[in-house]
Every structure is written in structure tokens, then in C-alpha cells.
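Here's the letter readout for the chains.
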Amino acid sequence: MMKKPSLSVAAAPLGLSVLWALSTCHLSTDAFAPKSRWSTFAPTTLFSQIGLQQQSTTAATVAKNDSWMTQPFLNPLSQFVKGPKECLVFDTTLRDGTQGESVSASCDDKLKIATRLSSFDVDYIEAGWPGSNPKDAEFFQRAQTELSAEARSKLVAFGSSRRKNVAVEDDPQIQALVDSNVPTICMVVKAHPWQVTEILRATREENLQMIHSSVEYLVKLGKTVLVDLEHFFDGYKVDPEYALACCEAAVDAGASCLVMCDTNGGTMPWEVDQTTRKMLQHFEPFCTIGVHCHNDCGMAVANSITACHAGVGLIQGTINGIGERTGNADLCSIVPSLALHVNTTMACNDQLSELTQVSRYVDEILNRSPNNAAPFVGQSAFAHKGGLHVAAMERNPLSYQHVEPELVGNEMRVLISELSGRQNIMGKLQEIFGNSMDDGQKSARSLAILNRVKELENMGYQFEGADASVHLMMLHTTRGYCPPFQVLDYSAQVYDANMDSASRVVSNLHGGLNSASTARATIKVRTVVDDPETSQLSFVENLQVSDGNGPVDALAKALLKALLPAHPFLDSVELIDYKVRILDPNSATEAVTRVMIEFRDSETDKQWTTVSVDSNVVSASLNALIDGFEYALIEQAQLCMLCDDAFEDEQRQ
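Fair warning: this is a prediction, and the values are worked out from it, not measured in the lab. (Residues numbered from 1 in each chain as written. Predicted model: local features only at pLDDT ≥ 70, side-chain atom pairs only at ≥ 80, totals over all residues. Heavy atoms only, no water.)

Here the focus is the overall build of the protein chain. Across its full length, the protein chain carries 25 helices and 16 strands. Burial analysis of the protein chain (653 residues in total) assigns 49% to the buried set. By sequence separation, contacts in the protein chain at least 24 residues apart represent 71% of the contacts at least 6 residues apart. (Helix = DSSP H or I, 4+ residues; strand = E, 2+ residues; numbered from the N terminus. Buried < 20%, exposed > 50% of the residue type's maximum accessible area, 1.4 Å probe, protein only. Contact = heavy atoms within 4.5 Å.)

This is how it looks when you write it as C-alpha cells:
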């Protein structure tokens, strides 16, 4: 990072530093103005607008401000930062991100996410607005004792400038920022003249005074202040001189970073580039420029990277791009793009391989379904289905991948579908069987499996998201493979004491006990157990009955109950998603249905999905359940003796 220039300009508040330079050099204001750092107008314009008295800085003040030169730089904004060579990552998941629809986080959730973000090594964690709600106030209070010192040092409290006609020390919202006891404040101010006069109902001059006094007050208390210039890009288009006056008021008061906000998300990348370069021309190297983009035009990531390329040194965004309306700039795309394609230096570069884990952790804590198509971190980000692509990637993985997935903690996946080539299947066979199968066997087997896949997909199966079913299909076509259990038969019954749906709903609301429907399933399973007396494996048939909330729930419980005595480790397997899709709705009640079930092992956190198709939704569901539990047991398959005939047939050949 660049060192700050001479103390007289960089260390002292900027407006005062200009006057100090004037007084020591015995130059008039007019003589100095053409050579000043302000490219638009002379610094005296600012003072006339906000009504501040010009005064010279004493030698004692200068000496005091010189202390930064001997202090360790604990705050990344202690120095001027310029992109694209360097960039600071400012995460606002816990503040702006939680404004997204259906996004909510408890105080405990926010503490967990803040800890994870800190370990990922983002530079700043904007945790909330302490003056707006009790939850955020509680967070900042608990953070002082429940977060590590490193995490606390990254925390940022968000707030606004003081209210009109209220002294800054008397403004309760400003005091809440102080009481948050964090080192950094992000203050939102208006930078659009229309927003000032119509929304704040203040004059342009009053807004400048509010910005200056609020920032100055917090800086004097030792806070690092970033100023979020709300509606900046739109305001700059309308009145660039006033937008710059708002910036100058903030920097003159001691702000460390000016954050250009595309609040409405309507700015185009080339506009971001032009405006950013003008801001750098105006303020470099006195104040770091930042950017905060919204995704209303789908440009948030592009605008953020464009701004960094033009010189922005701080980017605000959220994990997975969550946020109000269509979301904020997605740090899960911005960080790896800058690190891997722009060679930008960021503190979190060393943690890049944890990015996918961070993305999924935040989704898990916020109870959100991950976006499989998300760049870099999505499950499908490095998934390949076309046979031509897979064949090329066998020669060089980068032929259809812009980076190696391991760099961001993700993995390459080869999908199996009717569009697949034999190379897709051979890759899966290699993954499962390694070198135990020669190339000739793999080639013949892959052709048979591919034909089977095409036949099943024509019936309605979809294997792209059901890797576990594909895995089992390959095992079942292998001589000698023994399923760890067999379902011999099953039945399911549904009981309902009240057939009037309207009254049933009313009855349930009033605590009715006998109105809800129930189901009972009976299932008979053949499995194998280790006989302690003979130390040999023997067949066991287990008949179990279970009640449930519907036939599928009852069958799942009965099947698990039947398998647990022989396979107790299945107790950690849970169903986390169940999807049913009607494939031919024109067939009405005779329609074929596709069932996909997602499983999770709570001990290993491993997840897998199975699929089945049948005109009987209960039968399709049971087959998907059987595949799911069988996949969980494939590591135990070598112990199974249910397929003696298969071994004998193989030996005869």
C-alpha cells in the first residue's frame, strides 16, 4: 500500500491542511486554488457552503496528528488503498443482507456468522444498525464478550448522520454508534440533491453541515469512519458539483473512505468506470474510494469489479449476494474473480479454498436453500453433462473450466443424462472402481449404462441431480455386488376420521385430536447379521410397522426401524428434502410422478440424492427411500451375502 504523503496534507483534516499550507507558504487562496487537489472548484467553496470558519492549524495540532506515523497500522484504512492492485473486502451480510425478503437472523446466528467471516479474513464485518432495533443493540453488547479480539476488531456499526437541527452530541442515533464500542463506523449520508430536499426535507447547506459535524464528532472520539454516499451515482449524474461537495465535507471532517453507492442498482459498468476515475482524480491519495452496488440490473458484480479496476480500494457486498430487492453484490463471485483473474491482493486470498464452505455455512445458518447455479460456489458451478465437454476435459480439465474448482473449495462433477457421452460414464466408473476394471470392460459397461440412462430418462427419470442413483445403477450392473438389504414386501394404509376438508382445518385450529389423517406402513426386510455364537453371517427377515404423517413418512420410519438392528449407524441418516413432480399432467390421477429425495448424514455432513419414477407415487417414494439407505450402506456391501448366486455365476464363467 502507498504511504500517506506529507503530514501537512494527509494527516490533518483536509480542509484545515489546505489552510495550513496556505498560511505557511504565504500564498493567497486564489493563488493556491488552481494547483489544489480539488479538480472541480477551490476549497473555499466548501467552507462557504457549510458555513465553517477558516482557521489555521497550530503546530501542536500538527504534531498530535503526526502520531499515526509511529503507530502500527491496525486499521487497513490507515493507508490509502487503490485497486486493482489491492482491495479491502467489506462484508455487509449481517446488515444489508438481512434486508432481503425471507432473510432473517437471530442474535445467535449473527454471532456465528461474524465468527466465520472473521476466520475467512474479510477486512470489515458490518454487523448492524445499533440505533434501529433491539436485536442489533444486543449483538454489539454480546460481541464484546462472545467474539474473539480479532473478530471484534473487524466489526463495523452502521448508522446515519445526525438529524437536522439536532446537535451531534445530542442525537440518540449517533450516541448508539458510540455505545456500540466498535472501532469502525459506516455512516450513510445523502449525496443526491433531490434526496436531500425531498426525503430529508433539508437544504443542501444543512446536509453538508450534518455530514461534516457527524463525521468530525466520531473521528475525534477515535473512530474510523467510512461514509456511504447514498444514491451517489444518480446524484453525480444530476449535479456532480454537489455530489463532490458532500464528499469534501466528509473528507474534510476526517473520513477514511468514501463509498460510492449505486442504491437503486441502475448504473451501467461504463458509467461506474467513468465516475470512479473522476473520483480518484479528485481525491487520490488523500482518501480511499469504495463502492456499494445493488443487483437490480444484474450488474452488481460487474460494477464492483469494474470499479476496482478503475481504482476503488474497498468493495462492499454480501455472502451469496443476499439483500433487499434483487440483492447486493455477491462477494462469493467478486473475491475469487479479483483474486484469480485480476491478481488483486486481498487479506482473504489465503483463505480462498474455504469460499464454498463459507457460502454454504451462511446459507445453513440463515436456513436458505443454496443456489446450485451460483458461480464458483454452486453445486453446478463445475458440473459437466455434454459428452463432448467431458471428453475434452479428460485431456485437460481447463478446456471447459475457467479455474480449478479446488481453488475455491468446490469440486468438478460429471453429470449423467441422455445428453451424456460414454466418456461421462467411464469417468464415473473410474471414480467408483479405480483401476480394478480395465479399459475394455469400462468401455463395454459404459455403453450399456448409457443406453440404460437414455431409456430411463425417456420414461421420466432425471439423473443430473441424483448422483447416488447413478452410483447404485453402476454397482448393480457389476457382477458380485450384493445389496446390503432387500425389501421383500410392504403395505401402506391411510386412516382419516373426518373427510370434510373445511371443517377439518377449523377443527385442527381449535385443537381437535381425532381429525388429522394418519398412516400406517408395514414393511418386511431381509438383511444380514453377525451371529455372535457362530461368528458367521446369517440371513434375518425383519417385519416392522410404523405410523406416520402420511404413507411416505410411515414407510420411511418403518424401513429405518427394520434396518437399524443390523445397521445402527443409519441412525445418523436423515431426510432433508422430498420433491414430487407430475410428469404428464394430462393423464390426471394416472399421471407418472417423479420423486427425488435428498439425504444427509448428520455425523459426516455428507449429502446425496436419489430419484425414482412410477405411476404410483407411494411406490416411487419407497424406491427412492431404498436407494437412499442403500447408498448410505455401500461401504458395508462387501459384508453382504444376499447374492451368493451372483458369485457362483461369475466363478462358472
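A few words now on the packing of helix α14 (residues 269–283) against helix α15 (residues 300–310). One way to put it is that α14 packs onto α15 with a least axis distance of 9 Å and a crossing angle of 30°. Judged by the twist between their axes, the crossing of α14 over α15 is right-handed. Residues P269, V272, D273, T276, R277 and L280 of α14 touch α15, and the partners they reach there are A302, N303, T306, A307, H309 and A310. (Axes fitted to C-alpha atoms, helices over the stretch in contact; angles between N-to-C directions. Left-handed = near helix turned anticlockwise from the far one by under 90°.)

So, on to helix α17 (residues 355–365). Every buried residue belonging to α17 is among L355, T356, V358, S359, V362, D363 and I365, and all of these are buried. Considering only its buried residues, α17 is in contact with α6 (107–120) and α16 (331–342). Just past α17, the residue N367 takes up positive phi, approximately 60°.

The next point concerns the packing of α6 against α17. The interhelical angle for the contact between α6 and α17, taken along N-to-C directions, is 175°, at an axis separation of 10 Å. What the angle tells us is that α6 and α17 run roughly antiparallel. Residues D109, K112, I113, R116, L117 and F120 of α6 form the contact with α17, whose own contacting residues are L355, Q357, V358, Y361, V362 and I365. Taken together, the residues of the contact of α6 with α17 sort by class into 8 nonpolar, 1 polar and 3 charged. (Parallel < 35°, antiparallel > 145°, perpendicular 65-115°, else oblique. Nonpolar A, V, L, I, M, F, W, Y, C, P; charged D, E, K, R; others polar.)

Enumeration over the complete set of coordinates arrives at 8 aromatic pairs. Ring centres 5.4 Å apart and planes at 85° place the aromatic pair F139 and F140 in the edge-to-face group. Comparing F139 with F140 shows no difference in burial state: the two are buried. Plain terms: the ring middles of F232 and Y236 are 5.7 Å apart, the flat faces sit at 40° to each other, and that makes the pair tilted. Taken together, the residues F232 and Y236, both in helix α12 (residues 232–238) and 4 residues apart, mark about one turn of the helix. Here F232 and Y236 have matching classes, each one buried. Between K110 and the ring centre of F139, over which it is positioned, the NZ or CZ distance is 5.7 Å. Sitting over the ring of Y242, R204 keeps its end group 4.4 Å from the ring centre. (Phe/Tyr/Trp six-rings, centres within 6.5 Å; stacked < 30°, edge-to-face > 60°. Lys NZ or Arg CZ within 6 Å of the ring centre and 35° of its normal.)

If you walk through the whole model with that rule in mind, you get 0 disulfides. There is no disulfide at C186, and the cysteine sulfur nearest it, in C261, is 7.4 Å away. (Disulfide = S-S within 2.5 Å.)

What follows concerns the environment of V156. Considering the arrangement of structural elements, one finds V156 in strand β3 (residues 155–160). Residues V156 and G128 lie 28 residues apart in sequence; the distance between their C-alpha atoms is 7.7 Å. Once residues within four sequence positions are removed from consideration, V156 is found in contact with F90, Y124, I125, E126, A127, G128, F140, V182, T184, I185 and C186.

This next bit is on the pattern of salt bridges. Under the definition given, this model contains 24 salt bridges. Measuring nitrogen to oxygen at the nearest pair gives 2.9 Å for the salt bridge that ties R526 to E541. Separated by 15 residues along the polypeptide, R526 in strand β12 (residues 518–531) and E541 in strand β13 (residues 536–548) bring together distant segments of the chain. In this structure E541 comes out as partly exposed when scored by relative accessible area, which is 42%. In this structure, the salt-bridge partner of K579 is D577, at a minimum N-O distance of 2.4 Å. Owing to a relative accessible area of 46%, K579 belongs among the partly exposed residues under this scheme. By sharing partners, the salt bridges in this structure join D108, E138, R142 and E146 into a single network. (Salt bridge = Lys/Arg side-chain N within 4 Å of Asp/Glu carboxyl O.)

Right, let's get into the nonpolar core. F139, V227, F232, L258 and M279 are the most contacted members of the largest nonpolar core, which has 92 residues in total. Looking at this core, the element that brings in the most residues is helix α13 (residues 240–252), giving 9 residues. Once you skip the residues sitting within four places of it in the chain, V227 turns out to touch M187, V189, V215, A250, A255, C257, L258 and V259. Counting 33 residues, the second largest nonpolar core, distinct from the first, contains A521, A558, L570 and V618. (Core = buried A, V, L, I, M, F, W, Y, C linked by side-chain atoms within 4.5 Å.)

Tracing the backbone through its elements, the reader meets T288 in strand β7 (residues 288–293). Separated by 3.0 Å, the side chain of T288 and the backbone nitrogen of V81 make a polar contact. With near-sequence residues (within four places) excluded, T288 lies in contact with L77, Q79, F80, V81, S256, C257, L258, G313 and L314. (Polar contact = N/O pair within 3.5 Å; in protein donor to acceptor, adjacent residues only side chain to side chain.)

This next bit is on the environment of Q316. For Q316, the location among the structural elements is in strand β8 (residues 314–317). Taking relative accessible area as the criterion, Q316 reaches 1% and is therefore assigned buried. Remark: the alpha-carbon pair of Q316 and A329, spanning 13 residues in sequence, is separated by 7.4 Å. Residues within four places of Q316 in sequence aside, it is in contact with F90, C186, D228, V259, V291, H292 and A329. Among the polar contacts listed, one links the side chain of Q316 to the side chain of D228, at a separation of 3.1 Å. Polar contacts involving the side chain of Q316 include one to the side chain of H292, which spans 2.6 Å.

Spatial strand order, β1-β2-β3-β4-β5-β6-β7-β8: 8 strands in a closed barrel with parallel pairing. Taken over all neighbouring pairs, the strand axes of this sheet differ in orientation by 25° on average, direction set aside. Sheet analysis places strand β6 (residues 257–262) next to β7, joined by 6 bridges and oriented parallel. What sits directly across from C261, in β7, is H292. Running over the sheet, α6 touches β1 (88–91) and β2 (124–128) and is turned about 170° from β2. (Pairing = 2+ DSSP bridges.)

Once that is clear, we can look at unusual backbone geometry. Cis rather than trans, the peptide bond between G83 and P84 has omega equal to 0°. Mapped onto the fold, P84 is located in the loop between α5 (59–65) and β1. With an omega of 0°, the peptide bond between E284 and P285 qualifies as cis. Of note, P285 is situated in the loop between α14 and β7.

Here we take up the confidence of the model for the protein chain. Predicted confidence across the protein chain gives a mean pLDDT of 78, with 69% of residues reaching 70 or more. Note that pLDDT drops below 50 for residues 1–73; the model gives that stretch 96 contacts with residues more than four away or on any other chain. Per-residue pLDDT stays below 50 along residues 636–653; that stretch engages in 27 contacts with residues further than four places along the chain or on separate chains. (pLDDT = per-residue confidence, 0-100.)

Let's shift gears to the sheet that holds strand β14 (residues 573–582). Read from one edge of the open sheet, 3 strands run β14-β15-β16, paired in antiparallel fashion. Looking at strand neighbours, the two that pair on one side only are β14 and β16 (607–614), the edges of this open sheet. Geometrically, the sheet is characterised by an average inter-axis angle of 20° between neighbouring strands, direction not taken into account. Across 9 bridges, β14 lies against strand β15 (residues 593–601) in antiparallel orientation. Each bridged residue has a counterpart across the sheet, and for E574 the counterpart in β15 is R600.

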